[in-house]
Each structure stands twice: as structure tokens, then as C-alpha cells.
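Each chain, letter by letter, is given below.
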Amino acid sequence: MASASLISDTEPWKDLKEHVNEINKTHLRDLLNDVERSQSMMVENDGIILDYSRQRARLDTIDKLFKLAEAAQLRQKIDRMYNGEHINSTENRSVLHIALRAPRDKIFYSDGKNVVPDVWNVLDKIKDFSERVRNGSWVGATGKALKDVVAIGIGGSFLGPLFVHTALQTDPEAAECAKGRQLQFLANVDPVDVARNIKGLNPETTLVVVVSKTFTTAETMLNARTMREWISSALGPQAVAKHMVAVSTNLVLVEKFGIDPANAFAFWDWVGGRYSVCSAVGVLPLSLQYGFPTVEKFLNGASNIDTHFHSTPFEKNLPVLLGLLSVWNATFLGYPARAILPYSQSLEKFAPHIQQVSMESNGKGVSIDGIPLPFETGEIDFGEPGTNGQHSFYQLIHQILFPDCLLRFCLGDLLLPSLTFPAHQISRLISDQIEEFAVYFQIASYMGSTIPLPVLWWFSYKVSEILVVATFGRVIPCDFIGAIRSQQPVYLKGEVVSNHDELMSNFFAQPDALAYGKTPEQLLLENVAAHLIPHKTFSGNRPSLSLLLPSLNAYNIGQLLAIYEHRIAVEGFIWGINSFDQWGVELGKVLASQVRKQLHVSRTKGEPVQGFNVSTTTLLTKYLEAEPGIPFDTTVLPKV
Ligand code: F6P
């Protein structure tokens, strides 16, 4: 059992807290000058390189993080996960998504039973079924081959499969296997999503896969009933047996829905929804699209990282290092967000997937024992493929100021286009928490009431540097993810570089731009006009890490997925929270069900809105008055 004390009570935690002051005196410009440090912060596994030298950390920071890992019993917690113990204590479940990609001869126990044979029974069934659909021996109700698949599901029953599908779509080997086939995802209960999905689809050639762990999720079940109606209204109710299959842990509800249990693909309660892409949730739709052998490569990639995570010393362990650095950034340095920036369009759905894995797992306010946490946990994850993000939100990542007014004062007001500056104004900048600042202030004071401009520049540069390194807040640590080889190489004769090299130039440049920044002194040397210097200054010292993969084939995509899954688990293990439950999503569902009941009685019986606060009552009443709704005695499907 986990102990009821908090990790923040331990000595390594307190030591790291104090260590923050040390790190606040450093700048990445200087840290990166230490060649030995930078070399030690590069780790390689199976061709994947992690470079974390642009983290705001020294080598002793990493040692202290390892001590924290020891205090948090990280090794033991990983072992408990791999041993199938019920580490998801609030739901009394094992956490064994690692078993989903284990080789046949591997053993993973849950409740005393080796689950790997069950996993392979389902995988074999998927292989067989997907081959029959793909080779045309399983056909639709009118005898036509089923070449289009619509996977209905939401959250973990959608985001992971969508990410992998998007990543495989442009991999030449996978794309070859998918020729003539189409895979789409219906997640949102918005009828517009139904309309988009069925646009251009023929029910005769469409197979619908209903994916829901619980088979009770309101959005998924309404979408499933809608698609069932779409099929049966076109082909008759008997067609459902040929055109609808299911993936769920709840085979009773699958049968009740009208899907033959023989066409249901099971998974288990020891697989969390957001960790389920390697179960039938992802493997079935992806195998229908790309064939099982391709998907097996993806599973093998994830399995490679599972072994690495379990058996590699922490110093070389990618998920452990990433997880510890995330804790360092989020909790100790106080950076609330994390940008996931893949330099590959094929990974465009990676950040949305990781958003769920990370934020649903680690967005917790209490410890695993229910104690309110006195520190920050999960990050706000967001991201876009580079270089698109560069032309969108990178401005903020590069230049947003931390102690807003102070720094603006230093770099703006101080750099007046006059040659002198009244020293007394500098006193307004004093912060007695920042020792060094006082020194610079004293220097300024000794110089009398005016300061020559060059000294002022030097001064403001120093001040900005101190303030930048000493403050918390709106710094966004970035994950740069790139691949050595493009899935789709392009080179135009006469161009300086290939298209992939062009993309990757940005991958290599951005981390240094963030780390080094650009000083007013450098700008002066470039003859930048004084009034533009504040605008063109980059404080730098903004942390990032780089993950360089050999390529983005099915195997590498599996590796990338597992690295992030385990990284997020490591963070949760250190914080001492339960990363595998998601009680925070329940309240909204309950309230939505109250609203749903109200809409029903108001629409069908004209009953007034009641039982809500004045705000919701007013909005609901306006909503109902403005749109009488669709008559309840007829079925209406999208007309696109
Ligand atoms: O959003 C809450 C959640 O329970 C997720 O954890 C899960 O991935 C999603 O809903 C879908 O649930 P199900 O697969 O049971 O339909």
C-alpha cells in the first residue's frame, strides 16, 4: 500500500525546492556552454535520441530528481504496475496496458491470472476478421465488399486510434496496405459529425465499429443508434449484423444493443480508456484499414519501450527521465503548461491524444490516499505540428514576459532614446528576494543620478537576465519531436535543401532560439534602432527537450506512444496521485443528464424549465423558445 504521507514532506523534495534558487541563478546560455553537461544529457535507445540539455537543470539537479524518485518509490511502483497489482486503487483495478502489446510468451498477471493468452485470443480474432473483411470473404448485406469503416467512440475510444491512423496514413508501407480503403472516426455527438461521416458513404460498403469500454457513454451510444438507423433505413434491420461490430469490455450491453456477440471484440477493465489504443479499441479499426501485420509492428514498438521502461536504469530510461523533468518543470519551476511540437504532419493528432492521456491522468488535486495536495500536478498539454505552430503560438512561447511590469520597465522604459537615465527610477525595480539585483542597484546608485547609456544597456540586460531566471509563471517547456527520415521525401532540383531538411532546420533551430534568446547588446551590435530593442529582445532561458526518432513507421509510432504513456505514469508515481482514474469527468455527465431530461419534458409536454439556477433556467428557456425542435414521431437523418 502507498504510504499516507505526501512526497512533499520528504527531504529530497525539500532539497529540490531549495535547489530552485540555485537554478534561478543560471541561464541556459551558460548551462549549454558546459560541454560535459550537455553530453551527459543525451540518451539513446533503439535509435531514438533524447536530448534534454536545454532543460533548466544541472547534473546535480538530475541527481536530486533521482533521489526524489527513490523517495517516491518509483522503482517499486513501476514493478507493482508490471506485477498487475491494483494500483488503480479507487477503481480497484490493475493497470496493464503493457500486456496488450506483450509477445505471446510473456506473462502478465491480473488477479492471479496470466492475461496475455486472452490478449492474443482477441488479437487472433481481429486478425482473422480484418483479413476476411479486407479480402472480401466477409461482405455486406447486399454482397458488396466493405471498404469503408466508421469507428464510433469518444475520448480514449477515439483519440489514440485517430492519432495512429493519422500517423500511418502517409507511411508508404502502411499506405500501400490501405489502398482502396477508408477509415473515419465519429466522436462528437454533434449531428454535424454524423453528417460529415456519412457524406459520400454508401451503407452497402460501410462497416461500423462501435468502440466503447463501458458501452454506456451517452455520445457514443446515440451515435451508434444513429448509424444503426442509417444502415437499417437503407438496407433493412437484418443488415445490422453484417455492418456493425463492437469493441467493449461490456459484452452484455453489446448484445442488448443488437450486435452479435460473435462480432464483438473484448478488452478488460485493467485497460484504462486513454491507454486502450493497443487493445481492440485501436487494433480492430487500424487492422481493417492497414492489415494486422502493420498494426503488429506498432504493437512491437510499444512493447520495445515497455521492456526499456521496466529494465533500463533510470539514468538511461527515456520515460523516467522525461517524467522526472516534467515534475521538475511543473511543480518545482512552476511552469503550468507543456507544448508538444512534432516536426511531422503525420503526428498532427499526437498532441490531442497526449492531452487526454496526460490531463485525464494527472489533472488531480488529491493524493492516491485522498489528501489534498499542497503542490501543482498535471500540466496543461497542447501542441501543433511544427512549423505550423511557429506561425501561430510560438510568439508567446518566445517572448511572453514573466514579471510583466518589471521586465517591461527594464527593457522598455529604461531604454529611453535619451542618453541619460535618472538612477532613482531604478529603485522602483528593486526586489529584495533577488540578491544579485541589489548589487546592480548599488552599482547604479554609486554612479549618481544619471547613467551613461551603454552602462544602462548593460544594467538592464543584467536586470532582465536576473528577473528572467528568477521568476515563475508563463514559461512553456517545449517537447520538440522530429524524425531523421521523412515518410514522404521530396526534393526539388535547384532547391538548397530537401523539403524535409527545410522542416528539420526549424526543429534544430527553435530549441536554441528559446534557450539563448537575443540580448539588447547583440541587437546594438546589429545597429537595431533603440526604440525597437525592447521588441526584438528575447530573454532566452526557455526550456525544451528534443526527441529525434529514426523514422515514423508503425514501429516508431508505437515507441513514441509508449514513451509518453510511461512518462505520464512516472509523473503520477512521483506526485503520489492515481493517474489511472478519472472521477473529474463524472459531475458534468450527471448534470447533462438532468438537462437532457428537462429538454425531453419541455419538448414533448411543454413543461417549463425548473430545478436549475437562474442563469441556466434563462438560457434553457431561450433555447427552447427559439427552436421548437424536431417532431418526436419521425426519424430525421442528416441531408448532406
Ligand atoms: O471522458 C471520460 C471517459 O470515461 C474516458 O476516460 C474514456 O476514454 C471515454 O470517456 C470513453 O469511454 P467509453 O470507452 O466507455 O465509451
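Note that this is a predicted model, so its numbers are computed, not measured.

Some points on the sheet that holds strand β12 (residues 478-483)
Here is step 1 of the chain: Taken in spatial order, the six strands of this open sheet run β1-β2-β13-β12-β10-β11, and their pairing is mixed. Each edge of the open sheet is held by one strand with a lone partner, namely β1 (42-45) and β11 (380-383). This sheet shows a mean twist of 15° between the axes of neighbouring strands, independent of strand direction.
Here is step 2 of the chain: With three bridges connecting them, strand β2 (residues 48-51) and strand β13 (residues 544-549) associate as antiparallel partners. Its bridge partner being in β13, D51 is matched across the sheet by S546.
Here is step 3 of the chain: With respect to the sheet, helix α15 (residues 318-332) is in contact with β1, β2, β10 (337-342) and β13, its orientation differing from that of β2 by roughly 25°.

A look at helix α14 (residues 292-311)
Here is step 1 of the chain: If you check α14, its first and last C-alpha atoms are 28 Å apart, about what 20 residues at 1.5 Å a residue would give, namely 28 Å.
Here is step 2 of the chain: For α14, the full list of buried residues reads F292, T294, V295, F298, L299, G301, A302, S303, I305, D306, H308 and F309.

Topic: the packing of aromatic side chains
Aromatic ring pairs are reported here in terms of the distance separating the ring centres and the angle at which the planes meet.
Here is step 1 of the chain: Tallied over the entire structure, the rule returns 19 aromatic pairs.
Here is step 2 of the chain: Centroid distance W13 to F375: 4.5 Å. Interplanar angle 45°. Geometry classified as tilted. Pair noted here: W13 is in helix α1 (residues 11-23) and F375 is in the loop between α16 (350-362) and β11, with a separation of 362 residues, a long-range link.
Here is step 3 of the chain: The class of F375 is buried, set by a relative accessible area of 13%.

Considering the site of the ligand
Here is step 1 of the chain: Close to the ligand lie 14 residues; S157, S212, T214, T217 and E360 are nearest.
Here is step 2 of the chain: In the complex, 86% of the free accessible area of the ligand, which totals 390 Å², lies under the protein chains.
Here is step 3 of the chain: Looking at the shell around the ligand, its residues break down into two nonpolar, nine polar and three charged.

Overview of the confidence of the model for the protein chain
Here is step 1 of the chain: Averaged over the protein chain, the pLDDT score is 90; the fraction of residues at 70 or greater is 88%.
Here is step 2 of the chain: In this model, residues 403-438 is a region of pLDDT below 50 whose contacts with residues beyond four sequence positions or in other chains number 69 contacts.
Here is step 3 of the chain: Across residues 466-472, confidence stays below pLDDT 50; counting only partners more than four residues off in sequence or on other chains, it has 30 contacts.

Things to note about the packing of helix α6 (residues 116-135) against α14
Here is step 1 of the chain: Direction vectors running N to C along α6 and α14 enclose 150°, while the axes themselves pass 10 Å from each other. Considering their axes alone, α6 and α14 lie roughly antiparallel with respect to each other. Between α6 and α14, the residues in contact are W120, L123, K127 and S130 and F292, E296 and L299, respectively.
Here is step 2 of the chain: Its residues assigned to classes, the contact of α6 with α14 shows four nonpolar, one polar and two charged.

Considerations on the pattern of salt bridges
Here is step 1 of the chain: Taken as a whole and judged by the stated rule, the model has 29 salt bridges.
Here is step 2 of the chain: In this structure, the salt-bridge partner of E85 is R80, at a minimum N-O distance of 2.9 Å.
Here is step 3 of the chain: Classification of R80 as partly exposed rests on a relative accessible area of 23%.
Here is step 4 of the chain: Across the pair R567 and D479 runs a salt bridge whose closest N-O atoms are separated by 2.6 Å. Here the residue R567 occupies a position in helix α24 (residues 554-575), and D479 occupies one in strand β12, the gap between them amounting to 88 residues.
Here is step 5 of the chain: Overall, the relative accessible area of 2% leaves R567 in the buried class.

About the thresholds
- Residues numbered from 1 in each chain as written.
- Predicted model: local features only at pLDDT ≥ 70, side-chain atom pairs only at ≥ 80, totals over all residues.
- Heavy atoms only, no water.
- Pairing = 2+ DSSP bridges.
- Helix = DSSP H or I, 4+ residues; strand = E, 2+ residues; numbered from the N terminus.
- Axes fitted to C-alpha atoms, helices over the stretch in contact; angles between N-to-C directions.
- Contact = heavy atoms within 4.5 Å.
- Expected span 1.5 Å × (residues − 1).
- Buried < 20%, exposed > 50% of the residue type's maximum accessible area, 1.4 Å probe, protein only.
- Phe/Tyr/Trp six-rings, centres within 6.5 Å; stacked < 30°, edge-to-face > 60°.
- Near = heavy atom within 4 Å.
- Areas by Shrake-Rupley, 256 points an atom, 1.4 Å probe, with all protein chains shown as cover.
- Nonpolar A, V, L, I, M, F, W, Y, C, P; charged D, E, K, R; others polar.
- pLDDT = per-residue confidence, 0-100.
- Parallel < 35°, antiparallel > 145°, perpendicular 65-115°, else oblique.
- Salt bridge = Lys/Arg side-chain N within 4 Å of Asp/Glu carboxyl O.

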